[in-house]
Amino acid sequence: MKRLFLGIVAHVLENPFTGSAEDCLEIIEDGALLADEHGKILARGPKQTLMAAHPDAEIVDFGDDWLLPGFVDGHVHFPQVYATAAYGHHLLDWLQTSVFPAELAFADEAFAVVAARRFVHQLLRMGTTTALVFGSQFTPATRALFEAARQQGLRLISGLTLMDLDAPARLLHTPQSAYDECRQLIRMTEKTPGLYYAVTPRFALSCSPAMMDVCRSLIEEFPDCYLQTHINENLDEIEAVKASFPEAHNYLDVYARQGLLSPRTVLAHSVHSTDAELDRMAELDCRVCHCPASNMYLGSGIFNLARHLERRIQVLVGTDIGAGTNFSILEELSDVYKAQQMYDMRLGAAKLLYLGTLAGAEALHLAGETGNFAEGKSADFVVLSSQTDLCFQERLARCTSRKDQLFAWLNMFRPSHLRATYSGGRLVIPEERP
Ligand code: GUN
Ligand code: ZN
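The structure displayed is predicted, hence computed values, not measured ones.

Here the zinc ion (ligand 2) is held by His75 (NE2), His77 (NE2), His230 (NE2) and Asp320 (OD), and the distances to it run 2.0 to 2.7 Å. In this structure, the zinc ion (ligand 2) is coordinated by four donor atoms arranged in irregular fashion, with angles at the metal of 86 to 169 degrees. Of note, the zinc ion (ligand 2) draws all its donor residues from one chain, in the sequence arrangement H-x1-H-x152-H-x89-D. Separated by 90 residues along the polypeptide, histidine 230 in strand β10 (residues 226-231) and aspartate 320 in the loop between β13 (315-317) and α13 (329-341) bring together distant segments of the chain. Pair check on accessibility: histidine 230 and aspartate 320 agree, each one buried.

Bringing the nonpolar core into the picture now. Counting residues in each nonpolar core, the largest one holds 116 residues, and the members touching the most others are Phe119 and Tyr255. Top contributing element to this core by residue count: helix α4 (residues 109-125), with seven residues. Not counting the four nearest positions on each side in its chain, phenylalanine 119 is found in contact with Val76, His77, Phe78, Val81, Val133, Leu145 and Phe327.

Before going further, it helps to spend a moment on the packing of aromatic side chains. With the rule as written, the count across this model stands at 16 aromatic pairs. Ring centres of phenylalanine 106 and phenylalanine 111 lie 5.1 Å apart, and the angle between their planes is 80 degrees; on these two criteria the pair is classed as edge-to-face. A centroid spacing of 6.4 Å and a plane angle of 90 degrees characterise the contact between tyrosine 196 and tyrosine 226, whose relative ring orientation is edge-to-face. Of this pair, tyrosine 196 sits in strand β9 (residues 195-201) while tyrosine 226 sits in strand β10, and the two are 30 residues apart along the sequence. Owing to a relative accessible area of 24%, tyrosine 196 belongs among the partly exposed residues under this scheme. Members of the aromatic cluster, joined through ring pairs, are Phe78, Tyr82, Phe106, Phe111, Phe119 and Phe327. Note that arginine 264 overlies the ring of tyrosine 226, its terminal NZ or CZ placed 4.4 Å from the centroid.

What follows covers the environment of leucine 171. Along the chain, leucine 171 falls in the loop between β8 (161-162) and α6 (175-190). Spatially, the C-alpha atoms of leucine 171 and glutamine 137 are 5.9 Å apart, while their sequence positions differ by 34 residues. If we ignore the near neighbours within four places in the chain, the residues touching leucine 171 are Phe100, Glu103, Leu104, Gln137, Phe138 and Met163.

With that settled, the discussion passes to the site of ligand 1. Residues in close proximity to ligand 1 include His77, Gln80, Leu91, Trp94, Leu95, Arg202, Phe203, His230, Glu233, His269, Asp320 and Ala323, which together make up its full environment. In the environment of ligand 1, a nitrogen atom lies 3.5 Å from a nitrogen or oxygen atom belonging to the side chain of histidine 269. Aspartate 320 places a polar side-chain atom, nitrogen or oxygen, 2.8 Å from a nitrogen atom of ligand 1. When ligand 1 sits alone it has 280 Å² of accessible area, and the protein chains cover 100% of it. Placement of ligand 1 is best described as lying within the largest cavity.

As a further point, take helix α8 (residues 235-244). Looking at α8, one finds that the buried residues are Glu237, Ile238 and Val241. Looking straight down α8, one finds that the buried residues subtend no more than 100 degrees of arc, so they occupy a single side. Exposed and oriented more than 90 degrees from the buried face of α8 are Leu235, Asp236, Lys242 and Ala243. For α8, the elements touching its buried residues are α3 (91-104) and α9 (251-257).

Mapped onto the present numbering, the UniProt feature "domain: Amidohydrolase-related" (unreviewed entry) falls at residues 67-406. Helix and strand shares over residues 67-406 are 45% and 16% respectively, and the end C-alpha atoms of the span are 11 Å apart.

Within this structure, the stated rule accounts for 23 salt bridges. Arginine 202 is the partner of glutamate 103 in a salt bridge, and the nearest nitrogen-oxygen pair spans 2.8 Å. Of this pair, glutamate 103 sits in helix α3 while arginine 202 is found in the loop between β9 and α7 (209-221), placing the two residues 99 residues apart along the sequence. Each member of the pair, glutamate 103 as well as arginine 202, is classed as buried.

Looking now at empty space enclosed by the protein. Evaluated as defined, the whole model comprises two cavities of 30 Å³ or more. The computed volume of the largest cavity comes to approximately 100 Å³. In terms of lining residues, the largest cavity is bounded by His77, Gln80, Leu91, Trp94, Leu95, Arg202, Phe203, His230, Glu233, His269 and Asp320. A per-element tally of the lining of the largest cavity places α3 first, with three residues.

This brings us to the layout of surface pockets. The space that makes up the largest pocket amounts to roughly 390 Å³. If you go around the largest pocket, you meet 19 residues; those closest to its centre are Gly153, Arg155, Pro193, Gly194 and Ser423. Mapped onto the lining of the largest pocket, the elements with two or more residues apiece are α5 (139-152) and β9. A breakdown of the residues in the lining of the largest pocket according to their chemical character gives five nonpolar, eight polar and six charged. Here the second largest pocket defines a volume of roughly 270 Å³. Looking at side-chain class alone, the lining of the second largest pocket contains seven nonpolar, three polar and three charged residues.

Our next topic: the packing of helix α16 (residues 390-397) against helix α17 (residues 402-412). Orientation of α16 relative to α17, taken along the N-to-C sense of each, is 150 degrees, at an axis distance of 9 Å. By the angle between their directions, the pair α16 and α17 is classed as roughly antiparallel. Crossing of α16 over α17 shows right-handed handedness. Residues Phe392, Arg395 and Leu396 of α16 form the contact with α17, whose own contacting residues are Gln405, Ala408, Trp409 and Met412.

Scoring rules and cut-offs
- Residues numbered from 1 in each chain as written.
- Chains lettered and ligands numbered in written order.
- Predicted model: local features only at pLDDT ≥ 70, side-chain atom pairs only at ≥ 80, totals over all residues.
- Heavy atoms only, no water.
- Donors = N, O, S within 2.8 Å, 3.2 Å for Na, K, Ca; no water.
- Tetrahedral: all angles 85-135°; square planar, octahedral: opposite > 155°, others 65-115°.
- Helix = DSSP H or I, 4+ residues; strand = E, 2+ residues; numbered from the N terminus.
- Buried < 20%, exposed > 50% of the residue type's maximum accessible area, 1.4 Å probe, protein only.
- Core = buried A, V, L, I, M, F, W, Y, C linked by side-chain atoms within 4.5 Å.
- Contact = heavy atoms within 4.5 Å.
- Phe/Tyr/Trp six-rings, centres within 6.5 Å; stacked < 30°, edge-to-face > 60°.
- Lys NZ or Arg CZ within 6 Å of the ring centre and 35° of its normal.
- Near = heavy atom within 4 Å.
- Polar contact = N/O pair within 3.5 Å; in protein donor to acceptor, adjacent residues only side chain to side chain.
- Areas by Shrake-Rupley, 256 points an atom, 1.4 Å probe, with all protein chains shown as cover.
- 1 Å grid on protein atoms, 1.4 Å probe; cavity = no way out; pocket = protein on both sides within 12 Å on 5 of 7 lines; lining within 4 Å.
- Sits in = over half its atoms within 2 Å of the grid points.
- Arc of directions from axis to C-beta.
- UniProt positions renumbered as here; feature names shortened; annotations may be inferred.
- Salt bridge = Lys/Arg side-chain N within 4 Å of Asp/Glu carboxyl O.
- Points joined across faces, edges and corners; volume = space filled by probe spheres on them.
- Nonpolar A, V, L, I, M, F, W, Y, C, P; charged D, E, K, R; others polar.
- Axes fitted to C-alpha atoms, helices over the stretch in contact; angles between N-to-C directions.
- Parallel < 35°, antiparallel > 145°, perpendicular 65-115°, else oblique.
- Left-handed = near helix turned anticlockwise from the far one by under 90°.

The structure is reproduced here in C-alpha coordinates:
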(Lines give C-alpha, C1' and ligand atoms only; values in the text may rest on other atoms or scores of the structure.)
(Ligands and ions follow the chains in the order given, each with its own letter.)
Protein backbone atom coordinates (compact mmCIF):
# COMPACT_ATOMS: atom_id res chain seq x y z
CA MET A 1 0.00 0.00 0.00
CA LYS A 2 1.17 3.53 -0.74
CA ARG A 3 1.91 5.75 2.23
CA LEU A 4 1.98 9.51 2.61
CA PHE A 5 4.30 10.85 5.30
CA LEU A 6 3.31 14.37 6.34
CA GLY A 7 5.60 16.99 7.87
CA ILE A 8 8.02 19.77 6.93
CA VAL A 9 10.02 18.14 4.15
CA ALA A 10 13.58 19.41 3.69
CA HIS A 11 16.39 18.13 1.49
CA VAL A 12 19.08 19.19 -0.94
CA LEU A 13 18.45 18.75 -4.65
CA GLU A 14 22.05 19.04 -5.85
CA ASN A 15 25.53 20.13 -4.84
CA PRO A 16 25.24 23.65 -3.35
CA PHE A 17 29.02 24.17 -3.61
CA THR A 18 28.79 24.14 -7.39
CA GLY A 19 25.24 25.47 -7.85
CA SER A 20 23.45 28.29 -6.08
CA ALA A 21 22.89 27.27 -2.46
CA GLU A 22 19.46 28.95 -2.47
CA ASP A 23 18.23 26.87 -5.39
CA CYS A 24 19.65 23.62 -4.07
CA LEU A 25 17.72 23.59 -0.82
CA GLU A 26 14.06 22.60 -0.96
CA ILE A 27 11.85 23.05 2.09
CA ILE A 28 8.22 22.08 1.65
CA GLU A 29 5.99 23.62 4.29
CA ASP A 30 2.98 21.34 5.01
CA GLY A 31 4.76 18.81 2.87
CA ALA A 32 4.44 15.14 2.12
CA LEU A 33 6.50 12.24 0.88
CA LEU A 34 4.71 9.53 -1.05
CA ALA A 35 6.28 6.06 -0.84
CA ASP A 36 5.22 2.87 -2.60
CA GLU A 37 4.88 -0.57 -1.04
CA HIS A 38 8.55 -1.32 -1.85
CA GLY A 39 9.75 1.69 0.11
CA LYS A 40 10.62 3.82 -2.93
CA ILE A 41 9.77 7.50 -3.16
CA LEU A 42 7.04 8.15 -5.72
CA ALA A 43 6.62 11.87 -5.15
CA ARG A 44 7.04 14.78 -2.78
CA GLY A 45 5.10 18.01 -2.58
CA PRO A 46 2.45 19.97 -0.69
CA LYS A 47 0.34 17.57 1.35
CA GLN A 48 -3.00 18.89 0.03
CA THR A 49 -1.96 18.15 -3.55
CA LEU A 50 -0.61 14.69 -2.83
CA MET A 51 -3.53 13.74 -0.57
CA ALA A 52 -6.00 14.76 -3.27
CA ALA A 53 -4.08 12.85 -5.94
CA HIS A 54 -3.69 9.70 -3.79
CA PRO A 55 -6.85 9.37 -1.69
CA ASP A 56 -6.18 5.65 -1.16
CA ALA A 57 -2.73 6.18 0.43
CA GLU A 58 -2.27 5.48 4.12
CA ILE A 59 -1.50 8.70 6.00
CA VAL A 60 1.32 8.91 8.53
CA ASP A 61 1.00 12.40 9.94
CA PHE A 62 4.02 13.89 11.72
CA GLY A 63 2.41 17.34 12.06
CA ASP A 64 5.07 20.05 12.32
CA ASP A 65 7.97 17.64 12.64
CA TRP A 66 10.75 17.82 10.10
CA LEU A 67 11.43 15.04 7.60
CA LEU A 68 15.09 15.02 6.48
CA PRO A 69 16.91 12.42 4.37
CA GLY A 70 18.66 9.60 6.22
CA PHE A 71 22.26 10.56 6.97
CA VAL A 72 25.40 9.05 5.49
CA ASP A 73 28.28 8.31 7.86
CA GLY A 74 31.42 8.07 5.72
CA HIS A 75 33.81 6.81 8.39
CA VAL A 76 33.14 4.89 11.59
CA HIS A 77 34.81 1.92 13.31
CA PHE A 78 32.60 -0.97 14.45
CA PRO A 79 35.09 -2.51 16.91
CA GLN A 80 35.51 0.87 18.61
CA VAL A 81 31.81 1.01 19.48
CA TYR A 82 32.65 0.85 23.20
CA ALA A 83 36.00 2.65 22.96
CA THR A 84 35.02 6.32 22.72
CA ALA A 85 36.26 8.95 25.16
CA ALA A 86 39.67 7.50 26.02
CA TYR A 87 41.53 10.19 27.93
CA GLY A 88 44.69 12.01 26.99
CA HIS A 89 46.20 10.60 23.79
CA HIS A 90 47.25 11.49 20.29
CA LEU A 91 46.75 9.06 17.42
CA LEU A 92 49.64 6.59 17.57
CA ASP A 93 49.67 6.27 21.33
CA TRP A 94 45.84 6.06 21.40
CA LEU A 95 45.84 3.18 18.92
CA GLN A 96 48.25 1.13 21.01
CA THR A 97 46.84 2.02 24.42
CA SER A 98 43.09 2.16 23.88
CA VAL A 99 42.08 0.94 20.47
CA PHE A 100 43.91 -2.33 19.89
CA PRO A 101 42.86 -3.75 23.29
CA ALA A 102 39.23 -2.81 22.55
CA GLU A 103 39.41 -4.37 19.09
CA LEU A 104 40.79 -7.64 20.51
CA ALA A 105 37.51 -8.23 22.33
CA PHE A 106 35.85 -8.91 18.95
CA ALA A 107 37.64 -12.24 18.73
CA ASP A 108 34.74 -13.50 20.86
CA GLU A 109 31.92 -14.10 18.39
CA ALA A 110 29.11 -14.04 20.95
CA PHE A 111 30.33 -10.66 22.22
CA ALA A 112 30.64 -9.38 18.64
CA VAL A 113 27.12 -10.44 17.66
CA VAL A 114 25.60 -8.40 20.48
CA ALA A 115 27.93 -5.47 19.81
CA ALA A 116 26.99 -5.53 16.10
CA ARG A 117 23.27 -5.28 16.89
CA ARG A 118 23.88 -2.42 19.28
CA PHE A 119 26.20 -0.61 16.89
CA VAL A 120 23.73 -0.77 14.01
CA HIS A 121 20.87 0.21 16.31
CA GLN A 122 22.86 3.19 17.57
CA LEU A 123 23.57 4.44 14.04
CA LEU A 124 19.91 4.13 13.05
CA ARG A 125 18.85 5.78 16.30
CA MET A 126 20.95 8.79 15.28
CA GLY A 127 19.35 8.90 11.82
CA THR A 128 22.16 7.27 9.86
CA THR A 129 20.75 5.00 7.18
CA THR A 130 23.95 4.48 5.14
CA ALA A 131 27.41 3.93 6.61
CA LEU A 132 30.92 3.15 5.45
CA VAL A 133 32.36 1.20 8.36
CA PHE A 134 35.72 -0.22 9.35
CA GLY A 135 34.83 -3.79 10.32
CA SER A 136 36.55 -5.98 12.85
CA GLN A 137 39.78 -7.87 12.15
CA PHE A 138 37.81 -11.04 12.92
CA THR A 139 35.70 -12.51 10.13
CA PRO A 140 32.84 -13.81 12.34
CA ALA A 141 32.53 -10.36 13.92
CA THR A 142 32.46 -8.59 10.57
CA ARG A 143 29.97 -11.14 9.27
CA ALA A 144 27.82 -10.37 12.34
CA LEU A 145 27.99 -6.67 11.46
CA PHE A 146 26.74 -7.34 7.92
CA GLU A 147 24.01 -9.57 9.30
CA ALA A 148 22.87 -6.96 11.84
CA ALA A 149 22.77 -4.31 9.09
CA ARG A 150 20.69 -6.56 6.84
CA GLN A 151 18.23 -7.41 9.59
CA GLN A 152 17.91 -3.92 11.05
CA GLY A 153 17.80 -1.99 7.75
CA LEU A 154 21.12 -0.13 7.55
CA ARG A 155 22.73 0.24 4.11
CA LEU A 156 26.25 -0.89 4.92
CA ILE A 157 29.62 -0.77 3.21
CA SER A 158 32.24 -2.51 5.31
CA GLY A 159 35.13 -4.93 5.34
CA LEU A 160 37.69 -6.63 7.52
CA THR A 161 40.18 -4.17 9.00
CA LEU A 162 43.46 -5.44 7.60
CA MET A 163 46.82 -5.16 9.36
CA ASP A 164 49.97 -7.23 9.32
CA LEU A 165 52.28 -4.91 11.26
CA ASP A 166 52.73 -3.23 14.60
CA ALA A 167 49.78 -4.48 16.65
CA PRO A 168 48.99 -7.43 18.94
CA ALA A 169 49.45 -10.69 17.01
CA ARG A 170 45.78 -11.72 17.20
CA LEU A 171 44.76 -8.59 15.29
CA LEU A 172 47.09 -9.37 12.39
CA HIS A 173 46.35 -11.21 9.16
CA THR A 174 48.85 -12.69 6.80
CA PRO A 175 48.41 -11.43 3.24
CA GLN A 176 47.06 -14.88 2.33
CA SER A 177 44.53 -15.07 5.18
CA ALA A 178 43.43 -11.52 4.36
CA TYR A 179 42.85 -12.49 0.73
CA ASP A 180 40.93 -15.66 1.59
CA GLU A 181 38.74 -14.13 4.28
CA CYS A 182 37.95 -10.98 2.30
CA ARG A 183 36.91 -13.12 -0.67
CA GLN A 184 34.46 -15.07 1.50
CA LEU A 185 32.87 -11.88 2.77
CA ILE A 186 32.78 -10.28 -0.68
CA ARG A 187 30.91 -13.31 -2.01
CA MET A 188 28.40 -12.96 0.83
CA THR A 189 27.79 -9.24 0.26
CA GLU A 190 27.43 -9.71 -3.50
CA LYS A 191 24.31 -11.76 -2.85
CA THR A 192 22.65 -9.32 -0.45
CA PRO A 193 20.95 -6.06 -1.45
CA GLY A 194 22.04 -3.14 0.70
CA LEU A 195 25.40 -4.67 1.63
CA TYR A 196 28.67 -3.71 -0.07
CA TYR A 197 32.27 -4.63 0.55
CA ALA A 198 35.13 -2.22 1.23
CA VAL A 199 38.68 -3.53 1.16
CA THR A 200 40.05 -1.95 4.33
CA PRO A 201 43.82 -1.67 4.82
CA ARG A 202 43.94 0.20 8.16
CA PHE A 203 46.68 2.69 7.16
CA ALA A 204 50.16 2.65 5.70
CA LEU A 205 51.79 1.95 9.07
CA SER A 206 49.77 -1.25 9.64
CA CYS A 207 50.23 -2.78 6.20
CA SER A 208 53.29 -4.26 4.53
CA PRO A 209 53.68 -3.88 0.76
CA ALA A 210 52.58 -7.53 0.47
CA MET A 211 49.34 -6.73 2.33
CA MET A 212 48.72 -3.72 0.09
CA ASP A 213 49.35 -5.96 -2.93
CA VAL A 214 46.56 -8.21 -1.73
CA CYS A 215 44.27 -5.18 -1.39
CA ARG A 216 45.04 -4.19 -4.96
CA SER A 217 44.40 -7.75 -6.18
CA LEU A 218 41.02 -7.74 -4.44
CA ILE A 219 39.85 -4.47 -5.97
CA GLU A 220 41.06 -5.63 -9.38
CA GLU A 221 39.24 -8.94 -9.02
CA PHE A 222 36.08 -7.33 -7.58
CA PRO A 223 35.85 -3.89 -9.20
CA ASP A 224 32.59 -3.04 -7.43
CA CYS A 225 34.34 -3.13 -4.07
CA TYR A 226 35.31 0.08 -2.35
CA LEU A 227 38.62 0.74 -0.66
CA GLN A 228 38.86 2.72 2.58
CA THR A 229 41.87 3.77 4.61
CA HIS A 230 43.33 6.69 6.60
CA ILE A 231 45.65 9.44 5.44
CA ASN A 232 47.51 12.48 6.80
CA GLU A 233 45.71 12.57 10.12
CA ASN A 234 48.52 13.33 12.55
CA LEU A 235 52.01 14.84 12.21
CA ASP A 236 53.82 11.99 14.03
CA GLU A 237 52.00 9.49 11.83
CA ILE A 238 53.19 11.36 8.73
CA GLU A 239 56.80 11.35 9.96
CA ALA A 240 56.57 7.61 10.64
CA VAL A 241 55.16 6.98 7.15
CA LYS A 242 58.05 8.99 5.64
CA ALA A 243 60.54 6.88 7.59
CA SER A 244 58.87 3.58 6.61
CA PHE A 245 58.46 4.43 2.91
CA PRO A 246 61.52 6.54 1.99
CA GLU A 247 60.94 5.93 -1.73
CA ALA A 248 57.45 7.50 -1.68
CA HIS A 249 57.12 11.22 -2.49
CA ASN A 250 54.51 11.67 0.22
CA TYR A 251 51.86 9.75 2.20
CA LEU A 252 49.39 9.58 -0.70
CA ASP A 253 52.14 8.25 -2.94
CA VAL A 254 52.45 5.16 -0.71
CA TYR A 255 48.89 4.22 -1.65
CA ALA A 256 49.23 5.43 -5.24
CA ARG A 257 52.30 3.26 -5.88
CA GLN A 258 50.36 0.27 -4.61
CA GLY A 259 47.50 0.99 -7.04
CA LEU A 260 44.95 1.59 -4.29
CA LEU A 261 43.53 4.92 -5.44
CA SER A 262 40.42 5.28 -7.59
CA PRO A 263 36.97 6.92 -7.45
CA ARG A 264 35.95 4.05 -5.16
CA THR A 265 38.61 4.96 -2.60
CA VAL A 266 37.64 6.85 0.55
CA LEU A 267 40.50 8.45 2.47
CA ALA A 268 39.69 9.46 6.03
CA HIS A 269 41.01 12.70 7.55
CA SER A 270 43.41 14.38 5.08
CA VAL A 271 44.09 17.03 7.73
CA HIS A 272 47.69 17.71 6.71
CA SER A 273 47.64 16.87 2.98
CA THR A 274 50.00 18.96 0.86
CA ASP A 275 48.98 20.75 -2.31
CA ALA A 276 50.71 18.07 -4.36
CA GLU A 277 48.74 15.37 -2.56
CA LEU A 278 45.44 17.19 -3.01
CA ASP A 279 46.15 17.73 -6.72
CA ARG A 280 46.79 14.01 -7.10
CA MET A 281 43.68 13.05 -5.12
CA ALA A 282 41.67 15.26 -7.46
CA GLU A 283 43.31 13.72 -10.52
CA LEU A 284 42.56 10.19 -9.29
CA ASP A 285 39.10 11.27 -8.10
CA CYS A 286 39.43 9.70 -4.65
CA ARG A 287 36.94 10.72 -1.99
CA VAL A 288 37.89 12.30 1.32
CA CYS A 289 36.06 11.93 4.62
CA HIS A 290 36.04 14.83 7.07
CA CYS A 291 35.70 13.80 10.74
CA PRO A 292 35.99 17.01 12.78
CA ALA A 293 35.03 15.67 16.22
CA SER A 294 37.72 12.99 15.97
CA ASN A 295 40.32 15.43 14.67
CA MET A 296 39.75 17.76 17.58
CA TYR A 297 39.46 14.95 20.12
CA LEU A 298 42.83 13.46 19.18
CA GLY A 299 44.36 16.90 18.69
CA SER A 300 45.17 15.97 15.08
CA GLY A 301 44.46 19.35 13.50
CA ILE A 302 41.66 21.00 11.55
CA PHE A 303 40.67 19.80 8.11
CA ASN A 304 40.54 22.49 5.46
CA LEU A 305 37.40 21.91 3.41
CA ALA A 306 37.99 24.77 0.98
CA ARG A 307 41.36 23.36 -0.14
CA HIS A 308 39.62 20.12 -1.08
CA LEU A 309 36.55 21.65 -2.67
CA GLU A 310 38.51 24.11 -4.81
CA ARG A 311 40.02 21.04 -6.48
CA ARG A 312 36.57 19.44 -6.78
CA ILE A 313 37.50 16.58 -4.47
CA GLN A 314 34.31 14.94 -3.23
CA VAL A 315 34.12 15.26 0.53
CA LEU A 316 31.80 13.40 2.86
CA VAL A 317 31.44 13.49 6.64
CA GLY A 318 32.12 10.77 9.22
CA THR A 319 31.74 10.39 12.96
CA ASP A 320 34.91 8.27 13.28
CA ILE A 321 33.72 6.51 16.42
CA GLY A 322 35.74 5.80 18.61
CA ALA A 323 38.03 8.81 18.14
CA GLY A 324 34.83 10.74 17.49
CA THR A 325 32.62 11.22 20.48
CA ASN A 326 29.13 10.88 19.07
CA PHE A 327 27.32 8.57 16.68
CA SER A 328 25.23 11.28 15.09
CA ILE A 329 26.04 12.88 11.74
CA LEU A 330 23.70 15.72 12.68
CA GLU A 331 25.87 16.52 15.69
CA GLU A 332 28.97 16.04 13.56
CA LEU A 333 27.65 18.66 11.11
CA SER A 334 27.75 21.24 13.86
CA ASP A 335 31.42 20.37 14.36
CA VAL A 336 31.93 20.73 10.59
CA TYR A 337 30.48 24.22 10.85
CA LYS A 338 32.76 25.12 13.78
CA ALA A 339 35.86 23.60 12.20
CA GLN A 340 35.38 25.50 8.94
CA GLN A 341 34.72 28.74 10.82
CA MET A 342 38.39 28.47 11.79
CA TYR A 343 39.22 28.99 8.10
CA ASP A 344 36.59 31.70 7.67
CA MET A 345 34.42 29.42 5.59
CA ARG A 346 30.73 29.81 6.48
CA LEU A 347 28.52 26.83 5.81
CA GLY A 348 24.81 27.59 5.64
CA ALA A 349 21.92 25.16 5.95
CA ALA A 350 22.07 23.90 2.36
CA LYS A 351 25.80 23.14 2.43
CA LEU A 352 25.71 21.51 5.85
CA LEU A 353 22.72 19.36 5.04
CA TYR A 354 24.31 18.41 1.72
CA LEU A 355 27.53 17.30 3.44
CA GLY A 356 25.60 14.96 5.74
CA THR A 357 23.31 13.48 3.10
CA LEU A 358 23.64 13.82 -0.68
CA ALA A 359 27.41 14.43 -0.61
CA GLY A 360 27.87 11.10 1.15
CA ALA A 361 25.60 9.31 -1.31
CA GLU A 362 27.40 10.87 -4.28
CA ALA A 363 30.85 10.15 -2.90
CA LEU A 364 29.87 6.51 -2.36
CA HIS A 365 28.24 6.14 -5.80
CA LEU A 366 24.88 5.61 -4.11
CA ALA A 367 23.12 8.78 -5.24
CA GLY A 368 20.73 6.70 -7.34
CA GLU A 369 19.57 5.09 -4.08
CA THR A 370 19.63 7.64 -1.32
CA GLY A 371 20.76 11.13 -0.23
CA ASN A 372 17.60 13.12 -0.98
CA PHE A 373 13.92 12.71 -1.82
CA ALA A 374 14.20 12.43 -5.59
CA GLU A 375 11.64 10.16 -7.19
CA GLY A 376 12.71 6.52 -7.36
CA LYS A 377 15.11 6.66 -4.42
CA SER A 378 14.71 4.65 -1.27
CA ALA A 379 12.47 6.31 1.33
CA ASP A 380 15.26 6.82 3.87
CA PHE A 381 14.39 9.61 6.25
CA VAL A 382 14.44 10.84 9.81
CA VAL A 383 11.67 12.58 11.73
CA LEU A 384 12.84 15.37 14.01
CA SER A 385 10.65 16.78 16.73
CA SER A 386 11.41 19.76 18.97
CA GLN A 387 8.65 18.73 21.41
CA THR A 388 11.12 17.38 23.96
CA ASP A 389 12.99 20.63 24.41
CA LEU A 390 11.34 23.90 25.44
CA CYS A 391 14.42 26.11 25.06
CA PHE A 392 14.98 24.79 21.54
CA GLN A 393 11.30 25.35 20.69
CA GLU A 394 11.69 28.97 21.76
CA ARG A 395 14.86 29.26 19.68
CA LEU A 396 13.03 27.91 16.63
CA ALA A 397 10.12 30.30 17.25
CA ARG A 398 12.57 33.22 17.01
CA CYS A 399 13.87 32.21 13.57
CA THR A 400 12.61 34.34 10.72
CA SER A 401 12.46 31.58 8.11
CA ARG A 402 12.30 27.81 7.75
CA LYS A 403 15.85 27.93 6.39
CA ASP A 404 17.05 29.60 9.60
CA GLN A 405 15.21 26.95 11.56
CA LEU A 406 16.95 24.24 9.57
CA PHE A 407 20.31 25.85 10.33
CA ALA A 408 19.38 25.84 14.03
CA TRP A 409 18.43 22.16 13.77
CA LEU A 410 21.79 21.40 12.17
CA ASN A 411 23.59 22.98 15.09
CA MET A 412 21.35 22.14 18.01
CA PHE A 413 20.17 18.62 17.25
CA ARG A 414 20.32 16.26 20.20
CA PRO A 415 19.46 12.55 20.09
CA SER A 416 16.28 13.12 22.11
CA HIS A 417 14.92 15.13 19.15
CA LEU A 418 14.88 12.12 16.84
CA ARG A 419 11.37 10.71 16.78
CA ALA A 420 11.75 8.07 14.07
CA THR A 421 14.03 6.71 11.38
CA TYR A 422 12.73 5.09 8.20
CA SER A 423 14.96 3.04 5.94
CA GLY A 424 13.50 1.96 2.60
CA GLY A 425 10.07 3.04 3.87
CA ARG A 426 10.40 0.71 6.86
CA LEU A 427 10.17 2.10 10.37
CA VAL A 428 13.48 1.06 11.95
CA ILE A 429 13.50 3.44 14.94
CA PRO A 430 11.62 2.90 17.11
CA GLU A 431 11.39 -0.68 15.93
CA GLU A 432 8.03 -1.67 14.55
CA ARG A 433 6.38 -4.15 16.87
CA PRO A 434 4.79 -7.09 15.03
N1 GUN B 1 44.53 5.57 11.81
C2 GUN B 1 44.72 4.22 11.81
N3 GUN B 1 43.78 3.59 12.52
C4 GUN B 1 42.96 4.55 12.98
C5 GUN B 1 41.78 4.50 13.79
O6 GUN B 1 41.30 3.47 14.22
N7 GUN B 1 41.19 5.71 14.04
C8 GUN B 1 41.69 6.88 13.58
N9 GUN B 1 41.06 8.01 13.88
N10 GUN B 1 42.79 6.92 12.84
C11 GUN B 1 43.41 5.78 12.54
ZN1 ZN C 1 39.22 6.01 11.45
